[in-house]
Amino acid sequence: MTGTILGAPDITRALTRIAHEILERNDGADDVLLLGIPTRGLPLARRLAELIGAAEPDFDQERRCGALDITMYRDDLRLQPTRTIGQTTLPPAGIDDAVVVLVDDVLHTGRTIRAALDAISDVGRPRAVQLAVLVDRGHRELPIRADFVGKNIPTARSERVDVRLMETDGEDAVVLTSRVQQP
Amino acid sequence: MRHLLSAGDLTRDDAIRILDTAVQMAATQEREQRKLPTLRGRTVVNLFFEDSTRTRISFEAAAKRLSADVINFSAKGSSVSKGESLKDTALTLQAMGADAVVVRHWASGAAQRLATSGWMHGSVVNAGDGTHQHPTQALLDSYTIRRHLVAEPEGKGLEGLRVAIVGDILHSRVARSNVDLLTTLGAEVVLVAPPTLVPVGASAWPVTTVHTLDEAIETHELDAVMMLRVQRERMTGGGAAFFPSPEEYSRLFGLDGARLRRLPEHAIVMHPGPMNRGLEISAEAADSARSVIVEQVANGVAVRMAVLYLLLAGEESAS
């Protein structure tokens, strides 16, 4: 099945549910810190922060949300053209002893998350690390799972999942396509 | 990008990419844990045929912060002093598996020769060749200028800024590299030197040349002043002198407190080091709040990290 899997309302509903699951799991948002993985994990983390803020008025959306670039921790740097390094912005109080919720758009092989865990240990020592993703498409290559999933989408390896977000692409949608064969 | 041989080879986009990458590298250097795993398993050789402490340790620090293995090879006390040629040295480094060679050589063009000879496969970074080029110095200078004088610097060049380069332009690879890079990035360059220390071809460069520092300060609104080191030994005495005396040089080209105060409020003072205090720059100017000389050293590490990352991390260099 290819085409648009999630539309804008679906994405909003999934994120709203994840925000509440995060609160439920952690008994509120006191220690919760959201770190988005650029590019599309970052707007998702901001939206989750906003949704958590709507449920818990004491939650400081600005100071409890950051960006974690993982480019320099990847294990496939030598297999790809040189990647541009993104920005890492950590909350002013640092991440020590916090419950860090990593946020990314698609969970696939798990290698990005492996790199993110390494990056986290270089910037501090959180009490716990949890993982929230909008889409889990399977095909894990490492023993990594998500704590919060917007939607599980069974895919073939040859297929491609594109998350498009208003902030980066001008629309909200999750699109599944069969990869076009290169001539 | 496979080699970094000359600042003149860089397009504006290349240069901005290096500077933007350096911004992210600098941010990682403010953390408690400053080492990144990015270049694990890669080997960087520092091949220095000429004495240089700062440049070598700056490259060494940059490579080590990215987890590359570093081998320091200096010509003194090595097989080079026994007469080994550049070619045989290169073949040796190739056999040792050098992924990048950072080379400083007294002969102009040595880095180019190493990169294009086919003697070795690794990337070559020119860390200064004769009186020709020193591209990472120019990059760190532009980085420093951009950081201080351009608001929200990422993605931007140096348009509208005016930079004076003062001193021995003739022998200076720092000056040549800076003229190339500053003009590529859109800045205007004013050379300030006695006529004897301006190279013959400089009239074709896209720069303005004046012959005293006072004239430069009076006729141009300068945003940055870059002082070059005077190599005392080659400058005075005998028939080969370039100016009559160090005192006269100081009077006409030295940056002292009085001249510093005549510069615009925001102007910064730079020097590639090592400084001759009291000759090209007075202690007052070197230690003033507007001097960014010490910061240039820290920025050098970030810029060299960026260069090593861009040369070594991607697939092009994997083969």
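Keep in mind that this is a model prediction, so the values were computed, not measured.

Reading the values: the criteria
- Residues numbered from 1 in each chain as written.
- Chains lettered and ligands numbered in written order.
- Predicted model: local features only at pLDDT ≥ 70, side-chain atom pairs only at ≥ 80, totals over all residues.
- Helix = DSSP H or I, 4+ residues; strand = E, 2+ residues; numbered from the N terminus.
- Buried ≥ 20, exposed ≤ 12 C-beta atoms within 10 Å, placed from the backbone.
- Contact = placed C-beta atoms within 7 Å.
- Pairing = 2+ DSSP bridges.
- Axes fitted to C-alpha atoms, helices over the stretch in contact; angles between N-to-C directions.
- Left-handed = near helix turned anticlockwise from the far one by under 90°.
- Domains from an automatic or database assignment.
- Nonpolar A, V, L, I, M, F, W, Y, C, P; charged D, E, K, R; others polar.

1. Quick look at the environment of Leu5 of chain B
Residue and element names in this part refer to chain B. Structurally, Leu5 is set in the segment before helix H1 (12–28). By C-beta crowding, Leu5 is classed as buried, having 24 other C-beta atoms within 10 Å. Along the backbone, Leu5 and Glu30 are 25 residues apart, and their C-alpha atoms lie at a distance of 29 Å. In contact with Leu5, not counting residues within four places along its chain, are Ala111, Gln112, Ala115, Val124, Asn126 and Gln133.

2. Some remarks on the sheet that holds strand E6 (residues 148–152) of chain A
Residue and element names in this part refer to chain A. Here we have five strands laid out as an open sheet, ordered E3-E2-E4-E5-E6, and parallel in their pairing. Both outer strands of the open sheet, strand E3 (65–67) and E6, are each paired with one neighbouring strand and no more. In this sheet, neighbouring strand axes are inclined to one another by 25° on average, regardless of whether the strands run parallel or antiparallel. Where strand E2 (residues 32–36) lies against E3, three bridges are found, and the strand directions are parallel. Along E3, the bridge assignment pairs Leu35 with Gly66. Relative to the sheet, helix H1 (residues 8–25) contacts E2, strand E4 (99–107), strand E5 (128–136) and E6, its axis offset from that of E6 by approximately 155°. Relative to the sheet, helix H3 (residues 111–123) contacts E4 and E5, its axis offset from that of E4 by approximately 155°.

3. Concerning the packing of H1 of chain B against helix H12 (residues 293–312) of chain B
Residue and element names in this part refer to chain B. Look at H1 against H12: their axes get within 8 Å of each other, and the N-to-C directions meet at 115°. Note that H1 runs across H12; the crossing there is right-handed. Contact residues: Ile18, Thr21, Ala22, Met25 and Ala26 in H1; Ala302, Val303, Met305, Ala306, Val307, Tyr309 and Leu310 in H12.

4. Focus on the domain arrangement of chain B
Residue and element names in this part refer to chain B. Its domain assignment divides chain B into domain 1 (7–134 + 298–317) and domain 2 (135–296). Measuring from the centre of the C-alpha atoms in domain 1 to the corresponding centre in domain 2 gives 25 Å. Taken together, the 27 residues of domain 1 in the interface contact 26 residues of domain 2. Broken down by secondary-structure element, the contributors of at least two residues to the side of domain 1 that touches domain 2 are H1, strand E4 (123–129) and H12. With eight residues, the single largest contributor to the side of domain 1 that touches domain 2 is H1. Across the side of domain 1 that touches domain 2, the residue classes break down as 12 nonpolar, 10 polar and five charged.

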